[in-house]
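Now for the letters of each chain:
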Amino acid sequence: MPSVLCARVVVPAIDGAFSYRVKPADRHRVQPGMRVLVPFANRRLTGFVIEVELADDPLATKPIESVLDSLPVFSAELLEFTRWISDYYLCPWGDVLKAALPAGISLDEKRYYTYVGAPEALESLSALQFSDADRALLAALNTEPLTAEQLRRRFGLTSASPELKRLRAAGVIDLRPLLRPPLVRTKYDQVLTLSDPARAAYATSLFASLRSVHQQQLLREIHDYEPDGITRAELLRGESATRRAALKRLLELGHLHVRQEEHVRWDPRNEHVPHTADPTQLTPAQLGAVSAISEAVEAGSPRQFLLFGVTGSGKTQVYIEAIRRALALGRTALVLLPEIALTPFLWSRFYRAFGDRVAIQHSAQSPAVRYDLWRQIAAGRYPVVVGARSAVFAPLAGIGLIVIDEEHEASFKQMEPPPLYHARDCALMRARLAQAAVVLGSATPSMESWYHAQAGRYRLLELPERVGGAVHPLTRAIPYQPAVAADDSYEQYKERRFKRQQPAPEAPILSEELRTRIALTVAAHKQVMLLQNRRGHSPFLICKSCGDIPMCPHCSVSLTFHRKGQVLRCHYCDQREAVPARCAKCGSDQLSRYGIGTQRLEDELATLFPAARILRMDSDTASGAGKHAKMVSAFAAHEYDILVGTQMIAKGLDFAGVDLAAVVRADAELFFPDFRSTERAASLILQLAGRAGRRDVRGEVLVQTAVPDHPVIQTALRQNWREFAEAELATRDRSNFPPYSRLILIRAVAREESPCARALLKLRTLLKKADPFVDILGPAPAIVLKIEDRYRYTMLARVRREADSAGQRLRQAVRRAVDSFRKEKAEPGVKLEIDVDPQSIN
Ligand code: ADP
Ligand code: ZN
Ligand code: ZN
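Residues numbered from 1 in each chain as written. Chains lettered and ligands numbered in written order. Predicted model: local features only at pLDDT ≥ 70, side-chain atom pairs only at ≥ 80, totals over all residues. Heavy atoms only, no water.

K.L.:
Can you explain the packing of helix α22 (residues 677-689) against helix α24 (residues 721-735)? Please cite residues and give values.
P.N.:
Contact pair α22 / α24: the axes reach a minimum separation of 11 Å and the direction vectors enclose 175°. As far as their axial angle goes, α24 and α22 are roughly antiparallel. On the side of α22, the interface is formed by T678, E679, A682, S683 and L686, while α24 contributes W721, F724, E728 and R732. A per-class count over the contact of α22 with α24 returns four nonpolar, two polar and three charged. (Axes fitted to C-alpha atoms, helices over the stretch in contact; angles between N-to-C directions. Helix = DSSP H or I, 4+ residues; strand = E, 2+ residues; numbered from the N terminus. Parallel < 35°, antiparallel > 145°, perpendicular 65-115°, else oblique. Contact = heavy atoms within 4.5 Å. Nonpolar A, V, L, I, M, F, W, Y, C, P; charged D, E, K, R; others polar.)

Pasting the structure below:
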């Protein structure tokens, strides 16, 4: 049997690799790491070549329809890295490769509902046969084909809706596969230089031959840019028609040479670069850290460091110096930060240190910018990349150092869609593949990293003091009586919420003491930061006579009252409703707003301190390109006295004028039923403490809580993370949670509730059979049972770390159980979601 060239191809959302025949014409073009368009089931998809091989029996295999790249978009190293992610996170390799690429560059075939009648016929469709709604739908589909998802959004229809079925049966609409062109393409510049003859004649006869002064002028300018050349766009910027004509003439005369060059739609200066002074000399502690890290980089060893230092202790400066040395050794560097920390302040420090050798990646950039940066990074133009979670996939070659700042941040974990990867853990693996050193930095390291440092796997580097000797702020808990009794377990609290019992009357939002402190601070022309980790105005409305709470019709959560637009909004699916005048259940008009969101806090402050300038920062006000950055700059410039916000204000910001920081209600975090909730609560308090009184004055941090004596609040107030971590690790060990165990969360999602429960019970049996050693918790309904009309149940599979240090055994058991579950097709309506190392167990 003849051997024929075949490619192994992976596609998104489907496990496994598939063989395709390579057409003779593509024989010399196809390489691993390239994108290809392949027929799959009965549509066409963008897939990724992972291997090219000679194989037998080519007749059964379909050919690759077209090769989409002329060079591989994934290096061998990135292929290996993404394969590890696919394996570790139990998710199709094609999903990982898709997530690694900038969005909007792939061709994909989707099924679209299309109007298939003649356009003119639309006018004459009889009103008897079609309703107004039908005709509106047809008119929309005539303008533009729509996917099932778009139909759901715009018309509230699902594929099961009778309208669609009827229209399809009547033959006026059809579901057809269409290939969409990519949204983003490479843009080119035309770069002009003198042509060879023009260059040779430039000094002698050329000018004399030109009669127009415009032509002479242009030629002189182009000559000034020799030998690099100048782009046509730059040459003609804001110019007149005469110059255009002159340029055209020069081109016709053959005096110019034009070459195409890739255009980069990114300008580092657009990232707002304010100026602050840079330190000139490192402290001894910083120097020690930098040299330890540099040694590892130089040795090319994948050594791991935990850089533990309070906010303001100079960690960022350590990263910068260590990167400088990595560059000097000819290596490249990757810096990962939580999205929210990518502020102009931070960017400016990296930009001043590395100039045009550093690129930044964040979510406010357009797909075109991300695409250009991706290609330029791959081409080696930027040896330093600073970015959020997904920058872990940056196509940097020769990485010598990876930094993960604020490594404890939950936002490093991708929540949806798959792969549900954790950028920190992936970075550790990427570093290992690249033989690069890794620095994890934090003032409040995660329990995982702390545990590894204690065990000696990571080398602990400490920066024990704030630079310039700034002192720790004074911290104090203010006893505060909220609606939730201190001894309520969350289960009780939740039960009361779900039984819709009337909550107790609320205490004033701000205690007398906090109010006084705010007044004094503002009067002294200093700034105040108030953290309330909940956006909106009031988390719910409640009927005073019957206790009913308006809930989202699609999710099992209460609707949050938003003052802007006077609407009720669901924070899970963004359902919006007008505020009802009367209770839907009993008709009473006694509806009151309950609970505190940032808007309500802002209102309260405005009433109490009419002269103070108040800024609110949460995802309602600070999302959208540049908004967050503008707010940060404005507050730093003391254009406001009080900053109110969600946790986003506690992260990575450096405000010199803040003397008072307060947590308005600390308890919601603390009592959330998750094994990480105490860690989060304590970290948030410490992070906020880092914001107060950073330089010359001793700042003050106040925490309003119903449980001022709670050990977590107490250690947090002592600002002693080591003490907290030791106690917390002991608890985790006893309760068998990470880092002492490995977890995989399995979530069943379906339109009805009972199949979810059944599916997980079934899976539980399969899991027991696959490996009786695996410990199983649940199944149980998720805390938020329903989101966007889909019910959710969860189950947790767990093993002790010492029994399965790499987690191989647990992954294998889950993989086997899920495979047999899918094979049996016992619950076809249920979708299983698998979350390896879940951040939260809900
Ligand atoms: P962190 O990242 O730990 O919060 P930074 O590196 O941002 O700390 O340092 C905090 C502040 O101290 C910054 O304004 C920085 O410019 C300054 N700084 C850092 N290192 C030094 C140093 N060696 N000498 C003087 N100032 C420094
Ligand atoms: Zn009522
Ligand atoms: Zn909802």
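K.L.:
For helix α18 (residues 512-523), give the residues involved together with the corresponding values.
P.N.:
One turn of an α-helix holds 3.6 residues; hence residues three or four places apart share an orientation. For α18, which comprises 12 residues, the first-to-last C-alpha distance of 17 Å matches the rise-based estimate of 16 Å (1.5 Å per residue) to within 8%. Those residues of α18 lying buried are L514, I518, T521 and V522. Along the axis of α18, the buried positions cluster into a sector of 95°, meaning they face one direction only. Turned more than 90 degrees from where α18 packs its buried face, E512 and A523 sit exposed. Against β19 (474-479), β20 (527-531), α19 (598-608), β27 (642-645), β28 (658-663) and β29 (700-705) lie the buried residues of α18. Immediately downstream of α18, the backbone of H525 shows phi near 60°, a positive value. (Expected span 1.5 Å × (residues − 1). Buried < 20%, exposed > 50% of the residue type's maximum accessible area, 1.4 Å probe, protein only. Arc of directions from axis to C-beta.)

K.L.:
Any details on the coordination of the zinc ion (ligand 2)? Residues and values, ideally.
P.N.:
The coordination sphere of the zinc ion (ligand 2), as far as protein atoms go, consists of C543 (SG), C546 (SG), C583 (SG) and C586 (SG), spread over 2.2 to 2.4 Å. Because the angles between the four donor atoms bound to the zinc ion (ligand 2) fall within 104 to 113°, the donor set is best described as tetrahedral. The sequence motif formed by the donor residues of the zinc ion (ligand 2) is C-x2-C-x36-C-x2-C. Linking C543 in strand β21 (residues 540-543) with C583 in the loop between β24 (576-578) and β25 (591-594), this pair joins segments that are 40 residues apart in sequence. Relative accessible area serves as the criterion here: at 0%, C543 is assigned to the buried category. Look at C583 and you get buried, because its relative accessible area is 7%. (Donors = N, O, S within 2.8 Å, 3.2 Å for Na, K, Ca; no water. Tetrahedral: all angles 85-135°; square planar, octahedral: opposite > 155°, others 65-115°.)

K.L.:
Describe the coordination of the zinc ion (ligand 3), listing the residues and the values that go with them.
P.N.:
Every protein donor of the zinc ion (ligand 3) is accounted for by C552 (SG), C555 (SG), C570 (SG) and C573 (SG), and the metal-donor separations fall at 2.2 to 2.3 Å. With four donor atoms in place around the zinc ion (ligand 3) and angles of 105 to 112° between them, the coordination shape is tetrahedral. Mapped onto the sequence, the residues coordinating the zinc ion (ligand 3) show the spacing C-x2-C-x14-C-x2-C. Here C570 lies in the loop between β23 (567-569) and β24 and C555 lies in the loop between β21 and β22 (560-562), a separation of 15 residues in the sequence.

Just distances and angles here, no functional claims.
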